[in-house]
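# Reading the structure
Listed here are the chains, written in short residue letters.
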Number of protein chains: 2
Amino acid sequence: MRTSRFFLSTSKEAPAEAELVSHKLMLRAGLIKRLGSGLYTWMPLGLRILRKVEAVVREEMNRAGAIELLMPAVIPAELWQESGRWEVFGPQMLKIKDRHQRDFLFGPTHEEVITDLARKELKSYKQLPVNFYQVQTKFRDEIRPRFGVMRAREFLMKDAYSFHLTESSLDETYRTMHAAYSRIFERLGLKFRAVAADTGAIGGSGSHEFHVLADSGEDAIAFCPDSDYAANVEMAEGLAPNTARPAATETMRDVDTPKQTTCEDVAALLGIPLQKTVKLIAVMAADKLNVLLIRGDHNLNEVKAAKIDGLADFRFATDEEIRATFNCPPGFLGPVGLDRSTIRVIADRTVAAMADFVCGANKPKFHTAGVNWGRDLPEPDLVADIRNVVEGDPSPDGKGSLGLCRGIEVGHIFKLGTKYSEALGATVLDEQGKARTVIMGCYGIGVSRIVGAAIEQGNDERGIVFPQAIAPFELAIVPLGYGRNAQVREAADALYNQMVEAGVDVVLDDRDERPGVMFADMELIGVAHRLVVSERGLKEGQLEYQARTDAQASKIAQADAAAYVKERIEACRS
Amino acid sequence: MRTSRFFLSTSKEAPAEAELVSHKLMLRAGLIKRLGSGLYTWMPLGLRILRKVEAVVREEMNRAGAIELLMPAVIPAELWQESGRWEVFGPQMLKIKDRHQRDFLFGPTHEEVITDLARKELKSYKQLPVNFYQVQTKFRDEIRPRFGVMRAREFLMKDAYSFHLTESSLDETYRTMHAAYSRIFERLGLKFRAVAADTGAIGGSGSHEFHVLADSGEDAIAFCPDSDYAANVEMAEGLAPNTARPAATETMRDVDTPKQTTCEDVAALLGIPLQKTVKLIAVMAADKLNVLLIRGDHNLNEVKAAKIDGLADFRFATDEEIRATFNCPPGFLGPVGLDRSTIRVIADRTVAAMADFVCGANKPKFHTAGVNWGRDLPEPDLVADIRNVVEGDPSPDGKGSLGLCRGIEVGHIFKLGTKYSEALGATVLDEQGKARTVIMGCYGIGVSRIVGAAIEQGNDERGIVFPQAIAPFELAIVPLGYGRNAQVREAADALYNQMVEAGVDVVLDDRDERPGVMFADMELIGVAHRLVVSERGLKEGQLEYQARTDAQASKIAQADAAAYVKERIEACRS
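- If you look chain A up in an unreviewed UniProt entry, it shows as Proline--tRNA ligase from Parasulfuritortus cantonensis.
- Per its UniProt entry, chain A bears the Subcellular location (unreviewed entry) comment "Cytoplasm".
- Its UniProt record, at the heading Catalytic activity (unreviewed entry), says of chain A: "tRNA(Pro) + L-proline + ATP = L-prolyl-tRNA(Pro) + AMP + diphosphate".

### Considerations on the pairing of strand β17 (residues 344–348) of chain A
Residue and element names in this part refer to chain A.
- The buried count for β17 comes to four of five residues, which makes it a mostly enclosed element.
- Across four bridges, the pairing between strand β15 (residues 288–295) and β17 is parallel. Each bridged residue has a counterpart across the sheet, and for asparagine 290 the counterpart in β17 is arginine 344.
- As defined by bridge partners, β17 adjoins strand β20 (residues 382–384) across three bridges and the pair is classed as parallel. The residue of β20 that forms the bridge with aspartate 348 is alanine 384.

### Things to note about the relation of the copies chain B and chain A
- Between chain B and chain A, the superposition needs a rotation of 180° and an axial shift of 0.1 Å, giving an RMSD of 0.3 Å. Seen this way, the second copy is the image of the first under a two-fold rotation axis. In terms of proximity to the rotation axis, the leading residue of chain B is isoleucine 96 of chain B, whose C-alpha is 2.9 Å off the axis.
- Mapped onto chain A, 100% of the interface residues of chain B again fall at the interface, so both copies present the same surface.

### Overview of the sheet that holds strand β14 (residues 278–285) of chain A
All names here are of chain A.
- Strand order in the open sheet formed by five strands is β16-β14-β15-β17-β20, and the pairing between neighbours is mixed. Every interior strand has two partners, whereas the edge strands, β16 (315–316) and β20, have only one.
- Note: β14 against β15, eight bridges, orientation antiparallel. Opposite methionine 284, over in β15, you have leucine 289 as the bridge partner.

### Some points on the sheet that holds strand β13 (residues 253–256) of chain B
Residues and elements named next belong to chain B.
- Taken in spatial order, the three strands of this open sheet run β13-β19-β18, and their pairing is antiparallel. Of all strands in the sheet, those bounded by a partner on one side alone are β13 and β18 (357–363). Across the sheet, the mean angle separating the axes of adjacent strands is 40° when strand polarity is ignored.
- Of the pairings in the sheet, the one linking β13 to strand β19 (residues 366–371) comprises four bridges and is antiparallel in character. Bridge pairing links aspartate 256 to phenylalanine 366 in β19.

### Considerations on the pairing of strand β24 (residues 439–446) of chain A
Residue and element names in this part refer to chain A.
- With eight of eight residues buried, β24 lies mostly within the body of the structure.
- Because side chains alternate across β24, one face comprises the buried residues Ile439, Gly441, Tyr443 and Ile445, and the other comprises Met440, Cys442, Gly444 and Gly446, equally buried.
- Sheet analysis places strand β8 (residues 154–164) next to β24, joined by eight bridges and oriented antiparallel. Among the inter-strand pairings, aspartate 159 is bridged to a residue of β24, identified as glycine 444.

### Quick word on the interface of chain B and chain A
- Across the boundary between the two partners, chain B contributes 55 residues, which contact 56 residues of chain A.
- Per-residue buried area on chain B facing chain A is highest for Phe7, Leu35 and Arg99 of chain B; these three make up 16% of the total on that side.
- Inspection of the chain B/chain A interface yields six salt bridges.
- Note that glutamate 121 of chain A is salt-bridged to lysine 33 of chain B, the shortest N-O span being 2.9 Å.
- Viewed at the interface, chain A and chain B are joined by 18 residue pairs in polar contact (both at pLDDT 80 or more).
- Residue composition of the side of chain B that touches chain A, by class: 30 nonpolar, eight polar and 17 charged.

### What about the packing of helix α2 (residues 44–63) of chain B against helix α12 (residues 447–457) of chain B?
All names here are of chain B.
- Put simply, α2 and α12 touch, their axes get as near as 9 Å, and they point 115° apart. Considered as vectors, α2 and α12 are oriented roughly perpendicular to each other. The element α2 and its partner α12 pack so that their crossing is right-handed. In this structure, α2 uses Ile49, Leu50, Val53 and Glu54 to contact α12, whose residues at the interface are Val447, Ser448, Ile450 and Val451.
- By residue class, the composition of the contact of α2 with α12 is six nonpolar, one polar and one charged.

### So, the pattern of salt bridges
- Under the counting rule described, the total for this entry stands at 97 salt bridges over all chains.
- Here aspartate 430 of chain B and arginine 436 of chain B are joined by a salt bridge, their closest N and O atoms 3.0 Å apart.
- Judged by its relative accessible area of 28%, arginine 436 of chain B falls in the partly exposed class.
- A cluster of three or more residues bridged by salt bridges with shared partners is formed by Arg51, Glu54, Arg58 and Glu68 of chain A together with Arg51, Glu54, Arg58 and Glu68 of chain B.

### Observations regarding unusual backbone geometry
Residue and element names in this part refer to chain A.
- The omega torsion across leucine 128 and proline 129 is -5°, close enough to zero to call that bond cis.
- With respect to the helices and strands, the residue proline 129 is situated in the loop between α5 (111–121) and β7 (130–139).
- Phi at aspartate 356 takes a positive value of approximately 50°, unusual for a residue other than glycine.
- For aspartate 356, the position within the fold is in the loop between α10 (349–352) and β18 (357–363).
- Among the residues examined, aspartate 356 registers a relative accessible area of 6% and is labelled buried.

Cut-offs used in this document
- Residues numbered from 1 in each chain as written.
- Chains lettered and ligands numbered in written order.
- Predicted model: local features only at pLDDT ≥ 70, side-chain atom pairs only at ≥ 80, totals over all residues.
- Heavy atoms only, no water.
- UniProt positions renumbered as here; feature names shortened; annotations may be inferred.
- Buried < 20%, exposed > 50% of the residue type's maximum accessible area, 1.4 Å probe, protein only.
- Helix = DSSP H or I, 4+ residues; strand = E, 2+ residues; numbered from the N terminus.
- Pairing = 2+ DSSP bridges.
- Least-squares fit on C-alpha atoms with pLDDT ≥ 70 in both.
- Contact = heavy atoms within 4.5 Å.
- Axes fitted to C-alpha atoms, helices over the stretch in contact; angles between N-to-C directions.
- Buried area = accessible area lost by both parts, 1.4 Å probe.
- Salt bridge = Lys/Arg side-chain N within 4 Å of Asp/Glu carboxyl O.
- Polar contact = N/O pair within 3.5 Å; in protein donor to acceptor, adjacent residues only side chain to side chain.
- Nonpolar A, V, L, I, M, F, W, Y, C, P; charged D, E, K, R; others polar.
- Parallel < 35°, antiparallel > 145°, perpendicular 65-115°, else oblique.
- Left-handed = near helix turned anticlockwise from the far one by under 90°.

Now the structure itself:
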């Protein structure tokens, strides 16, 4: 490809409304152009990248035995009424009326359509398992589309749906998809994590999200650097400390805390680590007061708390309820001296293992220090995991300690079970000739979203740093004086032809712009490697080479350049 | 590909509502499944074919210098209001309201979107010419969707739009697209014609349609077998006969035609060829009566007639108007003895060259025979082309005589001019720095429609006869007893691997069905070549080969089979 035959449209500035770096860079690099709110045209350069992502996704889906088909984007309402989603999916679903005033929708997802196909086409267990997928334009009517392709209304998605006779067959395909997704993101050159939506064990879980890691990601992820463990921070299990509760060394005493109503302030006043403090959260459930104890530096996880027997519908106690029970305002509450016949004390696992801790004294302006379980108050009524994990916590899989990072969800695999097959009546005959409702899995990848996520992960002050696998070009040849200098032109053309023949995805920047302009453009759009051909260099028999990730260019002998670059590119290929 | 890993879903019967043979066969072969009216899922087998068509289209568009991008399917109404099409496009356009009650449409075509892009991105004549294209799912809300993918509501289309500073630049790209389209249909292995929508000369015309030829086609086409000339029958020029008007040989005389009011009946009664008769059609325009004369076996072409000076808004004369002028009822009208000061006589070119003809006598129950121009009535006031061409007419390009055929429109290239660029204000600066409205061309191909059209062109009592280029597979290997007979299995597997390595798109039918079932399926779905591996054949060292177009199978030596089939397949490749 030559730049002159391509439609390059870069700019120095991004529109003010672009918030995310990927959105800004995609507009500046001319990968996309805005048509309307959440609607983008993929420009030739952007489409190259999108197609590279799509090709890897397709190859790995095929390799994993999935079969591609293509369903209509416009879906009759009846199917969604049958599944019950027509009313409950909400305004994200774009409803349509045709000329006969019949209801349709622009499919945001295709469970109903594929299940309808399955109930018509699948007759026997012999046809199972089967896994269908498509790569298709979807529409979700986001209330506030933003972040460019990361939350566009129209987007490209790969969605797959598998059908099974047994749970174990679903488990097997689920594992196959987990492996295929991992291979996809590896081949794309992205740092990613498969994040368990609940237990974290592959196959034992009902759902995994695949996240591209990036500081700007919307989701906080807890992961173990020494294993595959990863989970949403809200879902990751907080284990008890590895060490047992220490013995008491201090005596219990009240300390003056005239204005200190938070653990942070108390710790600062007393000159002790925040980890020595305990906060009390009073909650009401079934008209009974419960006390939740969390270490001062930890945060309550309400989802976990709600899973405790009797706390399913808990709410935070009001100031009045607190004063009525503790005879003390919030900010000075503690677990010592409570009437345990009416108040249940639930301690987080960490708190249950603490000794000599500091908590509220249940007296205004006082806290209590040197508190110890058993000695100063009875053991907790219940010890449970009720907090969010933090960096350094032991990994639930026992293989190290947790780190925290942020991620962008780009894939999701999910055990659907029989939700749709039951609603639509999709059955097959089993070996005994008995009709059995098929069991389903579904597997999505946000193809266009991956492009944005890759840029969130890879960028610097010069622009986009794509992994080579999805860079718009593997190599840019930038001749200085292509139009003026026959020697430069011949050398650049020869090199270009050599690279094309070697199967390298190469662009020749034949625009004859100023060097600075050409360098900046090739860097902005994220071309992975660059060779500069100049008159001065040729005189010395040298070209200038720079990988997009290199800080500086280096000189290489003209005679070795082709082989050198080809080797570097091949080494990066997956 | 092995059939067992593929999702083959054939049936013996097609639903009664399928009228066209392509619709029936696509359903029977399981290429598509109906989701709703005009909405089809492309099944794995059908999608293979669709993708092959798409790939050829894309390759040839790229080769022709067009640049691919991808525009949103959902388009804000404002753009179509700006062009004026929001109100006039009609109910085929699917209108949509988003959650904020803003108007959108599901784009049936993308002139507005690309012109909006052009006005934002094109600044200088130096960026021209440029030709953008996309391959995209479109929606047209057909009032009565039918014929399967031939007139579906949702369909896959390739649409291209070019931008130019000058008409001659548009002409050049138009010619390039004409050539690219021709190459596309040639490579797809289809019999086709580029049909002029008006004059028929490439470049001199504003529009060409590309038709796949098939007896069931909706459009009648006149073409010259000895040249590239082709036009819609309604558009093809009817030339004057090659021979001059013969001299008069008969005397003019009235003949009794008591009940004969049509040329057919008169010719039958008199025992003369229909070609000796002339019919008179009385039309009114600007309150003046005009007489149109057409040979008895020809048909009036109203579009051509309306192009004659003074006839732009003509209508057929009423019985009352006819009686008032001719003093004779319709069925016996003729051009002899008319008051030429009030009645204009317009003769078709053919009629003007006739001698000794028969026409109405302007007396009830009489016709006049032996009529001759000049002698019996004045020469026509105007001689013009006002009829539809018929088979055997001289070709307008002077290169032979016309044939007639029927076609299915699958492509359309069109000189748009400045309709959209003016409406949306898309200008560039020319060499003098002056803003100039860009000139546009547009070029469409119905990608999914091609699959249906190919089947209309190629089918027999056994099913689909695809050209090899778009057959779902180039070769089927059908082993008899694959599951039971180790020798058959080994031979089939070895052959399969050999073919895969040779780059042949091959399917191995490993279903172990009865031979009849497997043969019928492979024929129904249109696999181009077939090799049968059987125990008996192997004993004799032979396989059975049959091309889909062969009437019978033939035996070939097992040792030569791979090379033989490979050679046949390569010979068919484009």
